[in-house]
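So you can see what is in the structure, the chains are spelled out below.
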Amino acid sequence: MEKINFDEKEIIEALERSGYLFESEISKLLIEQKYFVETNKVIKDSYTGKSREIDLVAEFFDHDPKSRKNKCFNRVKFVVEMKNISAPLVLLTEFQNSEYAQDWEAIKEIMTMQRDEEFFSNIYWHRFTLENKFSIFTQYCSFQRKNRNDQLMALHPDNIYSGLSKICQYCEEELSRINNLPNYDDDEYLRNYLFLPVLLISDDLYELKHSEDNSPSLSKSECSLLLYNYHYEDRPKMAYIFVVTKAGLQNLLDFVKTVKLEVLEDMIMQKRTAAHNKELCLKTNKN
């Protein structure tokens, strides 16, 4: 076999084009901020039967004494697909909310509780979607030229489509796994799990919106939401996917960390209220 001649500069340039350095850089950033990072998690493609890799799964590693004291467990996992794209990514077709959309189901969250107790968490849905912090779209596209002098063509890149499918499948499988775990009545913990699919791109994210006269305009964004539709186990599903640039990642991490604390406070309040109501009920029955 003929040996390939190369130098170190060529190696670095090849790695940069491929996106491997991008993945390594993001992993390092998260680890330095006390995230537990798992790379190259594998799922089985439900159509081909082949193994497919998730670029990165990350969870902030903290020991909140308030959580332990009140027996509330609140977990957020970022499920990340990374694309070192050379062409811009555009999100378009703004989501029109309605009572029929049931888009809260697109938040990949599950709460496990003690038997005979009822708890509900909708803070993530409210904070992510109802406060207008992020624009929400239902379509995406990128661009390519067939030849150097050809017109720019808009298209759905296969690598982005497959990446979105992977991270959504991972979230669904994890929710299903947790939902099938045995009850935790003995330890009295209230548990909340959020799996957050993220498409992380190196640069150039745009939002396309229409003015009152229906003329389109583009604006750059660092973080937006994509409401993505797919099938899981032959059932129609949807997921809110954060589409974020490298420059916007830190703001997203900080924001989610803040909301996670709000969810914990809400869980503690709900649990205390349930305990108080149960105590009142017992006193009433005794009397």
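Note that the coordinates shown come from a computational prediction; the quantities given were computed from them, not determined experimentally. (Residues numbered from 1 in each chain as written. Predicted model: local features only at pLDDT ≥ 70, side-chain atom pairs only at ≥ 80, totals over all residues. Heavy atoms only, no water.)

(A) Up close: the overall build of the chain. Assigned secondary structure in the chain consists of six helices and twelve strands. Taken along the three principal axes of its C-alpha coordinates, the chain extends 85 × 60 × 35 Å. Within the chain, buried positions represent 43% of all 287 residues. For the chain, contacts bridging at least 24 residues in sequence account for 71% of all contacts bridging at least 6. (Helix = DSSP H or I, 4+ residues; strand = E, 2+ residues; numbered from the N terminus. Buried < 20%, exposed > 50% of the residue type's maximum accessible area, 1.4 Å probe, protein only. Contact = heavy atoms within 4.5 Å.)

(B) Layout of the environment of Phe143. Secondary-structure assignment places Phe143 in strand E6 (residues 136-144). A C-alpha to C-alpha distance of 12 Å links Phe143 and Ile160, two positions 17 residues apart in sequence. Those residues in contact with Phe143 that sit more than four places away from it in its chain are Ala87, Pro88, Val90, Leu152, Met153, Ala154 and Leu155.

(C) A look at the pattern of salt bridges. As enumerated under the stated definition, the model contains 17 salt bridges in all. Lys237 is the salt-bridge partner of Glu172, the closest N and O atoms lying 3.8 Å from each other. With a gap of 65 residues between them, Glu172 in helix H5 (residues 158-179) and Lys237 in strand E12 (residues 235-245) connect regions that are remote in the sequence. On the basis of relative accessibility, which here comes to 5%, the residue Glu172 falls in the buried class. Lys237 gets classed as partly exposed once you look at its relative accessible area, which sits at 24%. When salt bridges with common partners are traced through the structure, they connect Glu38, Lys41 and Lys77 into a single cluster. (Salt bridge = Lys/Arg side-chain N within 4 Å of Asp/Glu carboxyl O.)

(D) Looking closely at unusual backbone geometry. The phi dihedral of Thr93 is positive, around 65 degrees, even though this residue is not glycine. For Thr93, the location among the structural elements is in strand E4 (residues 89-94). For Asn214, which is not glycine, the phi dihedral falls at a positive 70 degrees. Turning to its location among the elements, Asn214 is positioned in the loop between strand E9 (205-210) and strand E10 (216-221).

(E) Broad picture of the side chain of Arg127. Within the fold, Arg127 resides in helix H4 (residues 123-130). Dropping the residues within four chain positions of it, Arg127 is found in contact with Phe255, Thr258, Val259 and Glu262.

(F) Up close: the nonpolar core. Phe78, Phe128, Leu200 and Phe242 are the most contacted members of the largest nonpolar core, which has 47 residues in total. Among the elements that take part in this core, helix H6 (residues 249-286) stands out by supplying eleven residues, more than any other. Those residues in contact with Phe78 that sit more than four places away from it in its chain are Tyr35, Leu56, Val57, Ala58, Leu196, Val198, Leu253 and Val256. If you look at the next biggest cluster of nonpolar residues, it comprises 30 residues, including Val79, Ile160, Tyr170 and Leu226. (Core = buried A, V, L, I, M, F, W, Y, C linked by side-chain atoms within 4.5 Å.)

(G) Main features of the environment of Glu38. With respect to the element layout, Glu38 can be found in strand E1 (residues 35-44). Considering only alpha carbons, one finds Glu38 and Phe22, 16 residues apart in sequence, at a separation of 15 Å. In contact with Glu38, other than residues within four places in its own chain, are Asp55, Leu56, Val57 and Lys77. Of the polar contacts made by the side chain of Glu38, one reaches the side chain of Lys41; its length is 3.3 Å. (Polar contact = N/O pair within 3.5 Å; in protein donor to acceptor, adjacent residues only side chain to side chain.)

(H) The arrangement of the packing of aromatic side chains in detail. Across all of its chains, the model carries ten aromatic pairs by this definition. A centroid spacing of 6.0 Å and a plane angle of 50 degrees characterise the contact between Phe128 and Phe255, whose relative ring orientation is tilted. Separated by 127 residues along the polypeptide, Phe128 in helix H4 and Phe255 in helix H6 bring together distant segments of the chain. By relative accessible area, which is 2% here, Phe128 ends up buried. Among the residues examined, Phe255 registers a relative accessible area of 9% and is labelled buried. (Phe/Tyr/Trp six-rings, centres within 6.5 Å; stacked < 30°, edge-to-face > 60°.)

(I) Layout of the pairing of E12. By the criterion of burial, E12 is predominantly enclosed, with eight of the eleven residues buried. One ladder, built from four bridges, connects strand E8 (residues 190-201) with E12; its direction is parallel. Counted as the bridge partner of Val198 is Phe242 from E12. In this sheet, E12 lies alongside strand E11 (residues 223-232) in antiparallel orientation, the contact comprising ten bridges. Bridge pairing in E12 links Cys223 to Val244. (Pairing = 2+ DSSP bridges.)

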